Amino acid sequence: MSKEYLGEFEELVLTMVGILQDEAYGNAIVNEIKERVGRESNLSAVHVTLYRLEDKGFIKSKMGGATNARGGRRKRIFTITNAGLSMLKAMKEARMDLWKLIPQLKFSGS
Amino acid sequence: MDNQYKIEKNIRPPRFALRFLRWFCPGDLYESIEGDLLEEFENDLRLCSIQKARRRFAWNVIKFFRPEIVFRNKFSSELNEVYMLQNYVKVMFRNLMKRKAYSAINIFGLTIGLTFSMLIGVYVWQEMSVNQNLEDVDRLYIVEQAQDDAGVKFFAPADLVKTMRDQHAPAIENYYRFWDRNIKVSKDDKHFIVQSIIGDSTFVPMFGFPVLYGDINSALSQPYKVVITEKIALQFFNKADVVGESLILSSGTADKKEYIITAVVPALKRNSVSDLVNIDAQIFLSLQNWQDFRLPDPQGWMMNMVSYLKVGPGVTQTEAEDIMNATIQSHAPDSVKANLKLKLSGLDNYYLITNNGAAKKMIGIMAAIAGFILLLAIINFVNISVGSAFVRLKEIGVRKVIGGIKRQLVFQFLSESVLLTLAAGFISIILYELLHPTAEDLLSTSLLSITELDGGFWKWSILLLILIGLIAGGYPAFFMSSYKIIDSLKGRIKSTTRVLPLPKILVGLQFLIAICIFIAAIAITEQVAYFLKKDLGYDKSFVLTVSSVPRIWTEEGINQMSSAKQEFLNSPYVTAASLSWEVPNGNAGGDAGIYPDGSEPAKAVAMPVLKTDEDYYKVYGIKLLEGSFFYSDQESFQLNTLVINEKAQKALGVQVGDKVRITGTDNIVYTIKGIVNDFHFNSLRDQVKPLALMHTKESNFYRFFSFRIKPGSASETVAGIEKLWNKIFPDDPFDYAFMDEQLERLYKTELQLKKASAVGTVLMFIIMLTGIIGVVSLSVSKRTKEIGIRKVLGASVYNILAMISREYLALSLFAFGVAIPLAYYLVSSWLSGFSYRIELSWWMFLMPGLFTMCMTVIIVGWQSLKTALLNPTRTLKYE
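Analysis parameters
Residues numbered from 1 in each chain as written. Chains lettered and ligands numbered in written order. Predicted model: local features only at pLDDT ≥ 70, side-chain atom pairs only at ≥ 80, totals over all residues. Heavy atoms only, no water. Helix = DSSP H or I, 4+ residues; strand = E, 2+ residues; numbered from the N terminus. Rg over C-alpha atoms; globule rule 2.2 N^0.38 Å. Buried < 20%, exposed > 50% of the residue type's maximum accessible area, 1.4 Å probe, protein only. Contact = heavy atoms within 4.5 Å. Areas by Shrake-Rupley, 256 points an atom, 1.4 Å probe, with all protein chains shown as cover. Lys, Arg positive; Asp, Glu negative; His and termini not counted. Charge placed at Lys NZ, Arg CZ, Asp CG, Glu CD. Expected span 1.5 Å × (residues − 1). Core = buried A, V, L, I, M, F, W, Y, C linked by side-chain atoms within 4.5 Å. Salt bridge = Lys/Arg side-chain N within 4 Å of Asp/Glu carboxyl O. Polar contact = N/O pair within 3.5 Å; in protein donor to acceptor, adjacent residues only side chain to side chain. Phe/Tyr/Trp six-rings, centres within 6.5 Å; stacked < 30°, edge-to-face > 60°. 1 Å grid on protein atoms, 1.4 Å probe; cavity = no way out; pocket = protein on both sides within 12 Å on 5 of 7 lines; lining within 4 Å. Points joined across faces, edges and corners; volume = space filled by probe spheres on them. Nonpolar A, V, L, I, M, F, W, Y, C, P; charged D, E, K, R; others polar. Domains from an automatic or database assignment. Pairing = 2+ DSSP bridges. Axes fitted to C-alpha atoms, helices over the stretch in contact; angles between N-to-C directions. Parallel < 35°, antiparallel > 145°, perpendicular 65-115°, else oblique. Left-handed = near helix turned anticlockwise from the far one by under 90°. Patch = residues over 30% accessible without salt bridge, like charges linked within 9 Å, V, L, I, M, F, W, Y side chains within 5 Å.

Caption draft 1: The overall build of chain A, seen in detail. Check the secondary structure of chain A and you find 5 helices and 2 strands. Listed N to C, the secondary structure of chain A is α-α-α-β-β-α-α in terms of helices and strands. A globule of 110 residues ought to have a C-alpha radius of gyration of about 13 Å, yet chain A, at 17 Å, is considerably larger. Along the first, second and third principal axes, the C-alpha atoms of chain A reach 60 × 30 × 20 Å. Going through the 110 residues of chain A one by one, you find that 37% of them count as buried. In chain A, the proportion of contacts linking residues at least 24 apart, taken out of those at least 6 apart, comes to 52%. When the accessible surface of chain A is totalled, it reaches about 6700 Å², and 56% of it is carbon and sulfur. Where the 18 positive side-chain charges of chain A centre and where its 13 negative ones centre are 2 Å apart.

Below is the structure:
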């Protein structure tokens, strides 16, 4: 699946799903992104991205238990799959490899 | 919990948003999405006002309305179709490339057909949208004479519409009346003769014409104000915003007056007000200036004006006509009442149906020609697709084996033909843009550029393109997709004879249409030539008419023109000259009812009265049969004299010297001084009618100078006269036309038709013959083995050629046989619209037939010669 490619926002959402573990659902991800990256994201955009990631097999979902909040509606909880995890890992490594190739002018220079 | 209570009871998100979400959101996603939205709503409630939170909730719902959500899990199977579509396009291109000649014939034919149709289509579209830009056009009416034989139909008593509006205010909402005049407009050293209409101040408000600059409601409410079009503004000032500037208008009384420009309008879209009978007025003046243009007082029931009405909403034509008739009964004087029969014609379709529906007929014929050309192109497409089906049989078989169902194959072939049509349509649009200036010359009308066409036109064009694609692809699609798998994989086609009938019928149809149109084109050409060549009862050659005569409509002015006339006569170029209101181009100044002295006004014969001077008959070579043309050389001019034509003499039963009267001025007795032959004042569509001529000195009105010039170099003569003109009238332009040119304008529609049918015929033959090339070469290529065997058995090349061309020759002969009565019927019904027409003769039918058959034999022979010459050992080697 080397051809499969993740967009920047997809990667961000996938990471958030990994971070949030059992609490990964639409709103929580929006809030998490705002808290950790300081970026405003749209609920519908997050949902669409989640479904796309699910289609690609990087996450899977199940319905959570009912609560009293949110009008009694159940949450759809997403969890990261092994494929998703290895994809994240691969992307991180690829980026690190590239990062190492940048001449570190600050240290070698003056 | 407290919060929760609030939401449940009082503060709820907008109901419509929730309902909308439930409507579009797929069931399995619905609960979690709604939950997330509600949670966000709760958060928002804590942060901002209730209204804002509700607003944000609605907005968030709308943001979820996106294809990824709405169509999720709905069209998953459709994904395949998209890939299949790509495959179809790919295969289509491969096929097009593999068989370039046939593809070229297809696309070429379709492109020619579509380009021609588009040119005609834009013409038709423009004709159909005349008057459609007027405000509330369905409530606008023009008042017309109800009698069929009335000369000029659109004149009504000046007081009629005004009285109607004054007395029946809500039902009759508004009125507009005008007279038209050519006026000399000057600014500094620029002088132009401009068509104007002089009418009520309701001009712009009633018809809703757009305004670029100035205040329109008050634009014409005062005298010495003028509304001009942008074109005139640019002509005189080189800029459009000229409100407050002034122009000098020369009126009929020789004095020049300054008029203030109060509004500038853009070029007006064609309509039956400013462009009635193609006058195309450019400046608009107030009726309050009637005296300055020597117009009659626009009041009373004796003076006629062009009159328009706007009825109130919901008022029907019959109701408005009832009001009109009641008004005539209660207000008109008895003498007017007796002869006045009026009707209302809606402006909505006035342009199309006026003049016996001339525009409508023209549109019909043009559209038919374009439609037939398209039909021929479609037939080519069908024939070539069906004829080359065997090439694609294996593909069809393979597609079926791997699970393609018939519906998909039909879809494949249909999408191919629609795509091809769209591609041809795209090329046609480019060609249209390149060709429309040429077509404008050809049709002597202006055609819009593609950038100026509105959305309605494109919507119809695209629909039509898709429809054409479906028609063209329909039969081949069903034909090819219905092959049995085994047959198609084996490449076994049903024998040629069983496949051929349809293409043959279609080729026969092509022959039929092409021959019919060819015959019609010949007949139209002959009729137009007849129009221009026929003896009109006067001599139209070597007559130069000048329309820009300074208009000094007083006795003084007439005297001034007489001395000018003498100067022209002294020049070496002119043998006779005449000052008149009319030239014989069908455009008469006005009708009058004439009756013999002693008879009753009710028995008056209506006839146009031309205003000419005593030399008119010399310039135009009109034959004087009896008496004198107003006065003989021994006499001098007397008032109250008339000259009439033979028809009028018979209708009135009078002789030279008899007295007649004219309705409206019943107290004046006119003496008949002379009788002239029945020359054709109107077009040859109509019979010669009674006609009278009155001397210009009776009214002091005139418009034209007509000169009979000496035969010889026309340009030299015109230059000479122009030089003299500029000497005599330094302030007036020299706008001239030869009489023959004026007459050509009279037959504009017939000339358009002639050109369109000629071009149509050529294009049809090109499309048809290329189509036959395609069909013949396809059928020959399938019969190479048969031809080889025939040659082995002793057939000569000549035998083979004769065998193949015989089929097509028979087909064209048959089509010719059907075409003769059909074309005869069509052409004679067209000709019956003209009072003076050609006799149809046999060669007009024979020539197209022979031409078609010769071309067919040549093309079929040429196409099959190659195969016929092939050595049979080569064609029969592989078996």
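Caption draft 2: Structural context of the side chain of Glu750 of chain B. All names here are of chain B. Position of Glu750 among the secondary structure elements: in helix H26 (residues 748-782). Glu750 sits in the buried class, given a relative accessible area of 6%. Sequence-distant contacts of Glu750, that is, excluding residues within four places in its chain, are made with Ile524, Val528, Phe531, Arg685, Trp830 and Phe834.

Caption draft 3: Structural view of helix H3 (residues 43-56) of chain A. Residue and element names in this part refer to chain A. Its 14 residues give H3 an end-to-end C-alpha distance of 20 Å, which sits within 8% of 20 Å, the value for a rise of 1.5 Å per residue. When we look at burial in H3, the residues that qualify are Leu43, Ser44, Val46, His47, Val48, Thr49, Leu50, Tyr51 and Leu53. Backbone geometry just after H3 places Gly57 at a positive phi near 85°.

Caption draft 4: Examining the nonpolar core more closely. One finds Tyr538, Tyr620, Phe679, Leu693, Met768 and Ile772 of chain B to be the most contacted residues of the largest nonpolar core, which totals 128 residues. Beyond its immediate stretch of four places on either side in the chain, Phe679 of chain B contacts Leu536, Gly537, Tyr538, Leu610, Ile622, Val688 and Leu691 of chain B. With 46 residues, the next largest nonpolar core counts Leu12, Ile77 and Phe78 of chain A together with Ile33 of chain B among its residues.

Caption draft 5: Representation of the interface of chain A and chain B. On the side of chain B, 23 residues touch chain A, which itself brings 23 residues to the contact. Our count for the chain A to chain B interface comes out at 4 salt bridges. Between Glu34 of chain B and Arg73 of chain A there is a salt bridge, with the nearest N and O atoms lying 2.3 Å from each other. Counting across the interface, chain A meets chain B through 12 residue pairs in polar contact (both at pLDDT 80 or more).

Caption draft 6: Layout of the packing of aromatic side chains. Residues and elements named next belong to chain B. Per the stated rule, a full pass over the model turns up 43 aromatic pairs over all chains. Ring centres of Phe20 and Phe65 lie 5.2 Å apart, and the angle between their planes is 45°; this geometry places the pair in the tilted category. Taken as a pair, Phe20 in helix H2 (residues 15-24) and Phe65 in the loop between helix H4 (50-64) and helix H5 (67-70) lie far apart in primary sequence, 45 residues in all. Given a relative accessible area of 40%, Phe65 falls into the partly exposed group.

Caption draft 7: How the structure looks around empty space enclosed by the protein. Residue and element names in this part refer to chain B. Scanning all chains against the criterion turns up 7 cavities of 30 Å³ or more. If you add up the space inside the largest cavity, you get close to 320 Å³. Asn106, Ser385, Ser388, Arg392 and Glu416 are the residues nearest the centre of the largest cavity, which is lined by 22 residues in total. Within the residue set of the lining of the largest cavity, elements represented by two or more residues are helix H6 (78-98), helix H7 (100-128), helix H13 (350-387), helix H15 (406-443) and helix H16 (455-481). Residues that form the lining of the largest cavity fall into these classes: 12 nonpolar, 7 polar and 3 charged.

Caption draft 8: Spotlight on the domain arrangement of chain B. Taken domain by domain, chain B comprises domain 1 (2-70), domain 2 (78-131 + 356-493), domain 3 (137-348), domain 4 (495-533 + 743-879) and domain 5 (548-734). The straight-line distance from the C-alpha centre of domain 1 of chain B to that of domain 2 of chain B is 49 Å.

Caption draft 9: Structural view of the pairing of strand S15 (residues 605-612) of chain B. Residues and elements named next belong to chain B. In terms of burial, S15 is a largely internal element, 7 of the 8 residues being buried. Both S15 and strand S20 (residues 692-695) contribute to a ladder of 4 bridges, which runs parallel. Bridge pairing in S20 places Lys611 opposite Met694.

Caption draft 10: Region of the structure containing the packing of H2 of chain B against H4 of chain B. All names here are of chain B. The geometry of H2 relative to H4 is characterised by a closest axis approach of 9 Å and an angle of 15° between their N-to-C directions. The angle between H2 and H4 falls in the class roughly parallel. In this structure, H2 meets H4 at a crossing whose hand is left-handed. Across the interface between the two elements, Phe16, Ala17, Leu18, Phe20, Leu21 and Phe24 from H2 touch Phe57, Ala58, Val61 and Phe64 from H4. Broken down by class, the residue content of the contact of H2 with H4 amounts to 10 nonpolar, no polar and no charged.

Caption draft 11: Here's a closer look at helix H8 (residues 158-167) of chain B. Within the span of H8 of chain B, buried status applies to Ala158, Asp159, Leu160, Val161, Thr163 and Met164 of chain B. The elements touched by buried residues of H8 of chain B are strand S1 (140-145), strand S2 (156-157), strand S3 (172-187), strand S10 (304-311), helix H11 (317-331) and strand S11 (342-346) of chain B.

Caption draft 12: Molecular detail of a positive patch on the surface. On the surface, a cluster of positive charge is made up of Arg12, Arg15, Arg19 and Arg22 of chain B. Within the secondary structure layout, Arg22 of chain B lies in helix H2.

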